[in-house]
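As a plain string of letters, each chain reads:
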Amino acid sequence: MPLLSSLAALGYPSLEWIQVGITTKCNAACIYCPHPMLEKAGRSRHMSMKIFTALSPAFARSGMVYLQGWGEPMLHPEFMSMLKMVKQKGSRAGATSNASLLTEDRIRRLVDEGLDVLGLSVAGVDMANDSIRPGSPLEKVQKSVEMVHRIKAAKGSAAPMLHLAYMLLASRRKDIPQMSGFFNALGMDQIVVSSLTLAINREMEKEIYPAEDRDDFERFKDELKEMRSRVDGMEKVFFHICNPYLSGGMCSENIQRACYVDVDGRVLPCVYTDVTEEQKVHRYFRGERHLLYPLEFGQLSRSSLKRIWREKEYLQFREQFPHGSYPEVCRSCCKRFIDDLS
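Reference entry: report on the structure contained in this document. Here the structure is a predicted model, which means the values were calculated and not measured.

## With respect to the pairing of strand β5 (residues 161–167)
Among the seven residues in β5, five count as buried, and that is most of the element. For strand β4 (residues 117–122) and β5, the ladder comprises six bridges, and the chain directions are parallel. Of the residues in β5, the one forming a bridge with V117 is M161. Pairing of β5 with strand β6 (residues 190–194) involves five bridges; the strand directions are parallel. Residue pairing for β6: H163 is matched across the bridge by Q190.

## Quick word on unusual backbone geometry
Each neighbour pair has its own omega, and for A159 with P160 the value is 5°, a cis peptide bond. Its location among the elements puts P160 in the loop between α7 (138–155) and β5. The backbone of L341 shows a phi angle near 60°, a positive value even though the residue is not glycine. Tracing the chain through its elements places L341 in the segment after β13 (338–339). You can call L341 buried: its relative accessible area is 2%.

## Considerations on helix α5 (residues 104–113)
I107, L110 and V111 are the residues of α5 that are buried. Along the axis of α5, the buried positions cluster into a sector of 95°, meaning they face one direction only. The outward face of α5, more than 90 degrees from its buried face, is lined by the exposed residues D105 and D112. Close packing links the buried residues of α5 with α4 (79–88) and α7. Positive backbone phi, at 90°, marks G114, one or two positions downstream of α5.

Conventions used here
- Residues numbered from 1 in each chain as written.
- Predicted model: local features only at pLDDT ≥ 70, side-chain atom pairs only at ≥ 80, totals over all residues.
- Heavy atoms only, no water.
- Buried < 20%, exposed > 50% of the residue type's maximum accessible area, 1.4 Å probe, protein only.
- Helix = DSSP H or I, 4+ residues; strand = E, 2+ residues; numbered from the N terminus.
- Pairing = 2+ DSSP bridges.
- Arc of directions from axis to C-beta.
- Contact = heavy atoms within 4.5 Å.

By themselves these figures say nothing about function.
See below:
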């Protein structure tokens, strides 16, 4: 880490990651994503370099800076400048993309600038993906993976690590037997199979639950484990499944050692609270409707992350959470009911 970055980072919290919502614009229309609703509410814009620069001293004390929120990061015109800034501060950098803008030239630049993790999202093993993720065709994702492999090999680079974010909707449980072959063909470095964890209408809530009852849920888990056993390098497959039969506990978003910064520079514990009170967004879980509201602990336009992290209200939030004292917005969140199938 450069000396100047180390000095500038004095007093900042040591974090495992900072997730930065650099844009709320997206060129896809995934049926399970809240982006279309947020866009209608007038929140479609890019983070300014002024805000990003104000956050940058914290990067030197963060293990990873992840450049993505409720939008497609490659749409930001200053993405490469942001990536370069993260790397100059000595942190690892990652981003998840829908692959639509991953040209050969852009991939070469990502490799040259030192992107450590490139995540690609899919929601199916065949063309069903394209109806679930309009604007993000499976064929484009597959071609992008091929390009990344080829360009990395030509440059003799091990980075970026290729991460597949696989969204398994309940209605696509039937795809599980085909998933191992699909994963083996792609040759990813890491695969995370996730269930839907944020349903913003009653229809999408059905996609959270892949099983009819508790016993069927155990069968569902067995199907996933058996599928993983057929993946080349099964240790690279992870699960992030909402299990409604759990009693609920700590948040999988690692709120003690991570934070989220939205497009306007608000400091929040996670992306799931990246809403405004005016938007009137609701979450559906266990058949009930819950209002989503922001858990904002400060703004970078008024203070630094160093100070915000130590504000009394934020400290109390982090200290009380392990003891079961949750804000209402956290009580109904699937992130407290995650089963990693271990």
